[in-house]
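Residue strings, one per chain:
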Amino acid sequence: MMMDAADQTELMESRYVRRNDPKTDTLIFPLHPAWWSRPYEYEWARQFARPSDVVLDAACGISHPFKFWLAEQCQEVHACDWDDRILSEEAIRLDIISDFGEEAAREFPEFYLTKLHRAQANLAQLPYQASTFDRVFCISVLEHLDTGTMLRAFREFARVMKPDGRLIATFDVPEMRPDLLETIMAVTGLTIDGKLSVEEPEDAIWSDMYGTPIRCFRAVIRKS
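This section reports on the structure supplied with the text. None of these values were measured; they are calculated from a predicted model. (Residues numbered from 1 in each chain as written. Predicted model: local features only at pLDDT ≥ 70, side-chain atom pairs only at ≥ 80, totals over all residues. Heavy atoms only, no water.)

1. A short note on the overall build of the protein chain
Across its full length, the protein chain holds 8 helices and 11 strands. Taken over the C-alpha atoms alone, the protein chain extends approximately 45 × 40 × 40 Å along its principal axes. Expressed as a percentage of its 224 residues, the buried residues of the protein chain come to 54%. Of the roughly 10,800 Å² that the protein chain leaves accessible, carbon and sulfur atoms contribute 49%. The averaged location of the 38 negative side-chain charges in the protein chain is 4 Å from the averaged location of its 25 positive side-chain charges. (Helix = DSSP H or I, 4+ residues; strand = E, 2+ residues; numbered from the N terminus. Buried < 20%, exposed > 50% of the residue type's maximum accessible area, 1.4 Å probe, protein only. Areas by Shrake-Rupley, 256 points an atom, 1.4 Å probe, with all protein chains shown as cover. Lys, Arg positive; Asp, Glu negative; His and termini not counted. Charge placed at Lys NZ, Arg CZ, Asp CG, Glu CD.)

Take a look at the structure:
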């Protein structure tokens, strides 16, 4: 179904994730209960995947299902992570058992692994040629990077994206501050695509499972 202009504008807005945003509790597997923001992040991010796209799931995790879902949807799918288990089908299956149970691993189609182009990689030094990807997805990763690594990662995203490509990113606040996004973009060859709203709404989703309240922010980014 085609989106109308209002829906497309809403989808493109970079902002805090809100409680009434669409979410999914299952993506390949029923999502892990501790992944408090992933039902919203995955539902939003997957709206940007198109059948003709060449895409990258950057810092994809081992059991995390978004890369497997992309393998069904897009023409060519790459997934990278710093953890060398990403190269081992056995290790991926063991991690699926750990996070989702033995039944999920038994029913896991081989297709998801054979179609994925997997690589061990640091986000600050991606092993891909320039202008490779229509979409780069980076879900709940940036908040874990120190400032220097994060800036290098953004520059790498700019390098590997096609001229009309998009970076679809989410991150935790306050570990990463959305009010610094425009400054970060200015020094990394990127820019926010569409409206940027950095004010925290009352209905922003949040969690205190790590001891202090954290919120989730989403951003649509393109080359400058």
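2. Some details on the nonpolar core
Grouped together as the largest cluster of nonpolar side chains are 38 residues, with contacts concentrated most on Leu 123, Val 136, Leu 142, Phe 154, Phe 157 and Leu 167. For this core, the secondary-structure elements that each account for two or more residues are strand S4 (54-58), strand S7 (133-139), helix H7 (147-160), strand S8 (161-173), helix H8 (181-186), strand S9 (190-192) and strand S11 (214-223). The element best represented in this core is H7, accounting for 7 residues. Ignoring anything within four residues of it in the chain, the contact list for Leu 167 reads Val 136, Cys 138, Phe 154, Phe 157, Met 161, Ala 219, Val 220 and Ile 221. Leu 11, Trp 35, Phe 108 and Leu 116 belong to the second-largest nonpolar core, a separate cluster that totals 36 residues. (Core = buried A, V, L, I, M, F, W, Y, C linked by side-chain atoms within 4.5 Å. Contact = heavy atoms within 4.5 Å.)

3. With respect to the side chain of Lys 223
Mapped onto the elements, Lys 223 comes out in strand S11. Within the buried set, Lys 223 has no salt-bridge partner at all; the shortest N-O distance to an opposite charge, 8.4 Å, is to Asp 164. Here the side chain of Lys 223 touches Ala 158 through a polar contact of 3.0 Å, landing on its backbone oxygen. Not counting residues within four places of it along the chain, the set of residues in contact with Lys 223 comprises Ser 131, Ala 158, Arg 159, Met 161, Lys 162, Pro 163, Gly 189, Leu 190 and Thr 191. (Salt bridge = Lys/Arg side-chain N within 4 Å of Asp/Glu carboxyl O. Polar contact = N/O pair within 3.5 Å; in protein donor to acceptor, adjacent residues only side chain to side chain.)

4. Looking at unusual backbone geometry
In most cases, non-glycine residues show a negative phi, while peptide bonds are predominantly trans. The residue after Val 173, namely Pro 174, is reached through a cis peptide bond having omega 20°. Unlike most non-glycine residues, Ala 59 shows phi in positive territory, near 55°. Secondary-structure assignment places Ala 59 in the loop between S4 and helix H3 (66-73). According to the relative accessible area criterion, Ala 59 is buried, its value standing at 19%.

5. Thoughts on the environment of Glu 202
Mapped onto the secondary structure, Glu 202 falls in the loop between S9 and strand S10 (206-207). In this structure, the C-alpha to C-alpha distance between Glu 202 and Ile 168, residues 34 residues apart in sequence, is 24 Å.

6. Notes on the environment of Glu 13
Locating Glu 13 in the fold gives a position in the loop between helix H1 (5-12) and strand S1 (15-16). A C-alpha to C-alpha distance of 34 Å links Glu 13 and Phe 111, two positions 98 residues apart in sequence. Once residues lying within four places of it in the same chain are set aside, the contact partners of Glu 13 are Lys 195, Ser 197 and Arg 218. Engagement of the side chain of Glu 13 in a polar contact is seen with the side chain of Ser 197, the distance being 2.6 Å.

7. Quick notes on the packing of aromatic side chains
The relation between two aromatic rings is expressed through the spacing of the ring centres and the mutual angle of the planes. Scanning all chains against the criterion turns up 15 aromatic pairs. Members of the aromatic cluster, joined through ring pairs, are Phe 29, Trp 35, Phe 68, Phe 100, Phe 108, Phe 111 and Tyr 112. If you follow Lys 67 out to its NZ or CZ, it ends over the ring of Phe 68, 4.6 Å from the centre. (Phe/Tyr/Trp six-rings, centres within 6.5 Å; stacked < 30°, edge-to-face > 60°. Lys NZ or Arg CZ within 6 Å of the ring centre and 35° of its normal.)

8. Here's the deal with the pairing of S11
Of all 10 residues in S11, 8 are buried, a share of seventy percent or more. Across 2 bridges, the pairing between S1 and S11 is antiparallel. Among the inter-strand pairings, Arg 15 is bridged to a residue of S11, identified as Arg 218. Sheet topology places S8 next to S11; 7 bridges connect them, and they run antiparallel. (Pairing = 2+ DSSP bridges.)

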